[in-house]
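Examination of the molecular architecture
Listed below, chain by chain, are the residues.
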Amino acid sequence: MMTKNKHPLSLYVHVPFCNHICFYCDFSHVLTNPKTIQDWLSALKREYEEKKIAHDLKTIYIGGGTPSALDVDTLEAFLSLFDSHIKEIEEYTIEVNPESITKEKVECFLRHGINRISMGMQTSNDALLKEIGRTHTFEQTKQAMRLLKEVGFTNISLDLMYSLPKQTMEDLVASVHEAIKLEPTHISIYSLTIEENTVFGKKGVKPLEEDLEADMYFKILELLPQYGYQQYEISNFSLPGYESKHNLCYWNYEDFYGLGCGASGKENNIRYDKPSVLNAYLKNPLACTSIEESKEEQTFNAFMMGLRKKEGIYLPSFEQTDIQSLFGERINDLIHEGLLERNQDYLRCTKEGLPILNTILVRLLD
Ligand code: SF4
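Residues numbered from 1 in each chain as written. Predicted model: local features only at pLDDT ≥ 70, side-chain atom pairs only at ≥ 80, totals over all residues. Heavy atoms only, no water.

**A word on the domain arrangement of the protein chain**
Much of the literature gives interface size as the accessible area that the parts lose upon coming together. Note the following rule: A domain assignment, automatic or from a database, supplies the domain bounds used here.
Taken domain by domain, the protein chain consists of domain 1 (10-251) and domain 2 (311-366). The gap between the C-alpha centroids of domain 1 and domain 2 is 31 Å.

**Considering the pattern of salt bridges**
For the record, the criterion: For salt bridges, the criterion is a side-chain nitrogen of Lys or Arg within 4 Å of an Asp or Glu carboxyl oxygen. Strands here mean DSSP runs of E at least two residues long; helices mean DSSP runs of H or I at least four residues long; both are numbered from the N terminus. Buried, partly exposed and exposed residues are distinguished by accessible area as a fraction of the type maximum, computed with a 1.4 Å probe on protein chains only: under 20%, between the cut-offs, and over 50%, respectively.
Counted according to the given criterion, the structure contains 18 salt bridges. Its salt-bridge partner being K35, residue D39 comes within 2.6 Å of it at the nearest N-O pair. Residue D39 and its partner K35 are located together in helix α1 (residues 34-51), separated by four residues, close to a single helical turn. The exposure class of K35 is exposed, given its relative accessible area of 56%. The partner of E178 in a salt bridge is K181, with the nearest N and O atoms 3.4 Å apart. Here E178 and its partner K181 are both found in helix α6 (residues 169-181), three residues apart, which amounts to about one turn of the helix. Judged by relative accessible area, E178 falls into the partly exposed class, the value being 23%. One salt-bridge network, in which partners are shared between bridges, spans E139, K142 and R146.

**Overview of the packing of helix α2 (residues 72-80) against helix α3 (residues 103-111)**
Note the threshold: Axis definition: a line fitted to C-alpha atoms, over the contacting stretch in the case of helices. Angles run 0 to 180 degrees between N-to-C directions. An angle below 35 degrees is treated as roughly parallel, one above 145 as roughly antiparallel, one from 65 to 115 as roughly perpendicular, and anything else as oblique. We call two residues in contact whenever any of their non-hydrogen atoms come within 4.5 Å of each other. Put simply, Ala, Val, Leu, Ile, Met, Phe, Trp, Tyr, Cys and Pro go in the nonpolar bin, Asp, Glu, Lys and Arg in the charged bin, and everything else, Gly too, in the polar bin.
Where α2 contacts α3, the axes come no closer than 10 Å and their chain directions differ by 10 degrees. It follows from the interaxial angle that α2 and α3 lie roughly parallel. Contact residues: V72, L75, E76 and L79 in α2; E104, K105, C108, F109 and R111 in α3. Among the residues forming the contact of α2 with α3, the class breakdown is five nonpolar, no polar and four charged.

**Looking at the packing of aromatic side chains**
Short version of the rule: By convention, a stacked pair of Phe, Tyr or Trp rings (six-membered ring in the case of Trp) has centres within 6.5 Å and planes under 30 degrees apart, an edge-to-face pair has planes over 60 apart, and any other such pair is tilted.
According to the stated counting rule, one finds 14 aromatic pairs in the structure shown. For the pair Y217 and F218, a centre-to-centre distance of 5.8 Å together with 70 degrees between the ring planes defines the contact as edge-to-face. For Y217, a relative accessible area of 7% puts it in the buried group. F218 gets classed as partly exposed once you look at its relative accessible area, which sits at 41%. Between F303 and F318, the ring centres sit 5.1 Å apart and the planes meet at 65 degrees, which makes this aromatic pair edge-to-face.

**Regarding unusual backbone geometry**
Glycine aside, a negative phi is what most residues show, and trans is what most peptide bonds show. The phi dihedral of K166 falls on the positive side, at around 75 degrees, and the residue is not glycine. Along the chain, the position of K166 falls in the loop between β7 (156-162) and α6. Its identity as a non-glycine residue notwithstanding, Y253 has a phi of 55 degrees, on the positive side. Tracing the sequence through the fold places Y253 in the loop between α9 (245-251) and β11 (257-259).

**Considerations on a negative patch on the surface**
Which entries qualify depends on this criterion: Each patch is built from salt-bridge-free residues with over 30% relative accessible area, joining like charges within 9 Å and nonpolar side chains (Val, Leu, Ile, Met, Phe, Trp, Tyr) within 5 Å. For the area figures, the Shrake-Rupley method with a 1.4 Å probe applies, and any residue is considered shielded solely by the protein chains shown. Neither His nor the chain ends contribute to the count of charged residues, in which Lys and Arg are positive and Asp and Glu negative. For this purpose, a charge sits on NZ of Lys, CZ of Arg, CG of Asp or CD of Glu.
On the surface, E209, E210, D211 and D215 cluster together to form a negatively charged patch. Tracing the backbone through its elements, the reader meets D211 in helix α8 (residues 210-226).

**A short note on α6**
One turn of an α-helix holds 3.6 residues; hence residues three or four places apart share an orientation. Keep this limit in mind: For a helix, the expected span equals 1.5 Å multiplied by the residue count minus one.
Over its 13 residues, α6 extends 19 Å from the first C-alpha to the last, a length consistent with the 18 Å expected when each residue adds 1.5 Å. For α6, the set of buried residues is D171, L172, S175, V176, A179 and I180. Buried residues along α6 sit against β6 (116-122), α4 (126-131), β7 and α8. Just downstream of α6 lies E183, where phi reads positive at about 55 degrees.

Below you can see the structure in the form of structure tokens.
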């Protein structure tokens, strides 16, 4: 495998609070409550102090939950924790929801060195937003976008969802066009999956037909490049130069620190998960479960993540014997079937292969 840096150059921090629960969500989150938030912040400070994170980070990603659901004083105290890491920072992202940002919060982001925003738009159709349990309207997304730009943010990513209950192809096309009109630099797309432990799962809501879901994915693939958004990962598109550096660290299978209730990290071939239940985290913010990956697991996981990228994986970073012993003839079989292809030193999914990446991975693991 490729030579690694001495320590991770990326940090993920999880903020587990939301103001409401979306009907499809199975992320680690709890409803906002001022007392719990202060306890969480104290626990996070303790974890941060013990962790000894390197100062020369290249990327930080504050995800959730809904980081923008914190009030401005809490955000100030929370973001101050990372001030000493931003001297060499290239990309510093925070996730926000349109209904929970204010001018004071956005100015606070900027003061602490944040230079990229990831906002959950999901769809431009207000009835569909309601249907999936979002509490904002599309008008609020437009206002939030205006505010972010006025305050000075130039790198803004929007999340769009497809295959929503009752969503039609016309709805989807309208949402994509409305998103483009807002001129984000990056667009991430998510197909609705219904997990058992979500509101939708408990209500027995059924996903759209698989064929329609696939048609929607291909429609997005057709539309976004027409407006300059190039696909660089199975679900991610950007204007040139605006690919997410932090997420590329995951897809390149590099190490990253994970901090906070519900976070995961990977350091020196050890993957770890912080407690996802807030009470457990508050009791012991240093607790985590970890697994040391074998060489085989590292190779497979690096393939699994790398094949998500349109450019694929850089083969010289792997030992040929590792690839041969792990995958045998299966890579060649998939190449013959037109699902994988070699392009100089890269192995990547073909146009036909990328949408069925999971099937390819199951075959590779067989
Ligand atoms: S989708 Fe996001 S905002 Fe909605 S409940 Fe989940 S984490 Fe919170």
